[in-house]
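Chain and residue survey
This is what each chain is made of:
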Amino acid sequence: MAQESVAQDHQSSWWHRNQQQLTPWLFLAPGILFFLFYVIFPIFQSFNLSLYEWDGLGKAEYVGLYNYEELYWDEAFYTSLKNNVIWLLLYLLAIPAGLFIALFLNQTVTGIRLYKSLFFFPFVISQVVVGLVFTWFYDPTFGILNVLLGAVGLPPMNVLGDENWVTVGIIVAGLWPQTAYCMILYLTGLNAVDPEQIEAGRLDGAKGWKMLWYIIVPQLRPATFIAFVVTIIGALRSFDLISVMTNGGPFGASRVLSFYMFEVALSEYGFRMGYGAAIAVVLFLIMLAFIAYFLWSMYKEEKAR
Amino acid sequence: MFPTPIERTPRSWQVTYQAFLPLALILWLLPLIAVAIFSVKPDSDFANANYWGWPSEFKGFTNYWLVFTASDMPQYLLNSFKITIPTVIGAVALSCMTGFALGIYKFKANIWIFFMFVAGNFVPFQILMVPVRDLTLQLGLYNTITGLVLFHVAFQTGFCTLFMRNFIRALPFELIEAARVEGISEWRIFWFVVLPLMKPAIAALAVLMFTFIWNDYFWAIVLTQGVESQPVTAGITSFNAQYRAAYHLMSAGSIVAALPPVAMFFLMQRHFIAGLTLGAVK
């Protein structure tokens, strides 16, 4: 009896002594395990898989770098890559557009709160619905776009059926919710702008654009950083809109890497898991450059604290 | 305040601004307004090419009634709830714990574990697609709601950890030190000291997660197929195939599918925006 209680005492004191070292790991364990199995390991598995030819059912056959060699000669891959670049560049327009709308709405008139939330509205809606709505907007037979074009004397166009316009058309649909997102970031940022600096600027004769560029924008840095992060990630993740609006067409002209990968691996074009994984690896490496930069910025900030 | 407060501008500009505001809003939401009008139009309007005009008669009730009775929409909606709610609970619970561990304790691996969560949260879905699908198949969870929920919980833990950790970092650390001096055990500190202070973060994260998960489309089509397990985002495409060119029904269906996160947003607006803009100011 006495011995047992001594043992227990010993145990509890051991726990007591090491409590502060052990507790964080116990709290982290479930989250880390989940994350490892569903996110971290799959990244490495995909790297490995890209060296195989596999239909998802039978035996995987090791082919070395063959998938990457095939990628090198694949026209569709370059179309997707080019479209990814276009997405990245045009999607960034959401940032100035969001800032512009935020400046427009940064007033205190009656009902402005409701206006702000209604302007933010598009972000809450599923991209599937946004895609559908814009498909109708562009529709060559009844779309309101051609009605508007006709009103200013321009010929009608079939945006989603035109190889040269289709990607731009889809990006415009994507910009709608993304601009709303950037707007809300900037509205929050503008709330925190130091009024004294504005007054000082006014006394120095800064007005309009000069005031915006030299006094306001520098203070909005944190908001701008987040806007860049979410917009770049969003641009490289674009999938839903393409899938809903054109399914990659016409003739694969609106594919991006994320969509092409899905097409190769999981659609009627065949179940080429290895080839799909190779495309995903390329996309991942592009994203990795940005992720590294984001983490570096965060790391510097952590250090500065 | 920038730009110049409207009260301090000439009267003419004030009037222009007030008039321009609703106009800009209507332009901005025009696509949605169009869908809303589509959804209450009778079938005959589309046959008569009355696309953008006023509805010739109000058929809202009929259209929405049809969506709920003559299609699989109710099942898809139910699936969406069954996927979204457990995911929100799971991801928030896990990240309360990880956020607590990373926000309170100082140990060597801390920042690297934190970066693992952050980096993982940014990766393109496609690099996970084949292995995750394979894992789900092997677990016998392909085409089940559980399979989709497990993945969502795991993936969202990345973002949620980032969020919770930063929130906990901003809490006054003296509270925890005081509790330790009192001899309160670590898990009780978590439960009785930190968790009550996290309520606003939990609310913000829960609304945000609800919207993200509800609107997910990619994983829905990768991990599920068919009406017994697919959420409404994936369901809407088969719904649209069923009612091809029946624009009034497609519109009504889309509005029904979009409504829950919209309702969530308007009910919990303050939390939603607080969650979304965390870090947008210093």
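Residues numbered from 1 in each chain as written. Chains lettered and ligands numbered in written order. Predicted model: local features only at pLDDT ≥ 70, side-chain atom pairs only at ≥ 80, totals over all residues.

**Focus: the overall build of chain A**
Helix and strand content of chain A: 14 helices and two strands. In terms of C-alpha radius of gyration, chain A reaches 26 Å, well past the compact-globule figure of 19 Å for 305 residues. If you line up chain A on its principal axes, its C-alpha atoms span 95 × 70 × 30 Å. With 305 residues in all, chain A has 41% of them scored as buried. For chain A, long-range pairs separated by at least 24 residues make up 68% of all intrachain contacts whose partners lie at least 6 apart in sequence. (Helix = DSSP H or I, 4+ residues; strand = E, 2+ residues; numbered from the N terminus. Rg over C-alpha atoms; globule rule 2.2 N^0.38 Å. Buried ≥ 20, exposed ≤ 12 C-beta atoms within 10 Å, placed from the backbone. Contact = placed C-beta atoms within 7 Å.)

**What to know about the interface of chain A and chain B**
Listed per partner, the contact involves 78 residues of chain A and 74 residues of chain B. With 20 residues, the single largest contributor to the side of chain A that touches chain B is helix H1 (residues 2–49) of chain A. A class-by-class count of the residues in the side of chain A that touches chain B yields 59 nonpolar, 16 polar and three charged. (Nonpolar A, V, L, I, M, F, W, Y, C, P; charged D, E, K, R; others polar.)

**Some points on the packing of helix H5 (residues 112–120) of chain A against helix H1 (residues 11–28) of chain B**
The description of two packed helices rests on the angle between their axes and on the distance between the axes. It is at 10 Å that the axes of H5(A) and H1(B) come closest, and there the two elements cross at 20°. When the interaxial angle is binned, H5(A) and H1(B) end up roughly parallel. As H5(A) packs across H1(B), the resulting crossing turns out to be left-handed. In this structure, H5(A) contributes A:Tyr115, A:Leu118 and A:Phe119 to the contact, and H1(B) contributes B:Leu21, B:Leu25 and B:Trp28. Its residues assigned to classes, the contact of H5(A) with H1(B) shows six nonpolar, no polar and no charged. (Axes fitted to C-alpha atoms, helices over the stretch in contact; angles between N-to-C directions. Parallel < 35°, antiparallel > 145°, perpendicular 65-115°, else oblique. Left-handed = near helix turned anticlockwise from the far one by under 90°.)

**Let's talk about the confidence of the model for chain B**
All names here are of chain B. On average, residues of chain B score 89 in pLDDT, and 99% of them are at 70 or above. When mean pLDDT is compared element by element in chain B, helix H5 (residues 73–104) scores highest at 94, while helix H3 (residues 43–47) scores lowest at 80. We note a pTM of 0.90 for the whole complex and an ipTM of 0.90 for its interfaces. (pLDDT = per-residue confidence, 0-100.)

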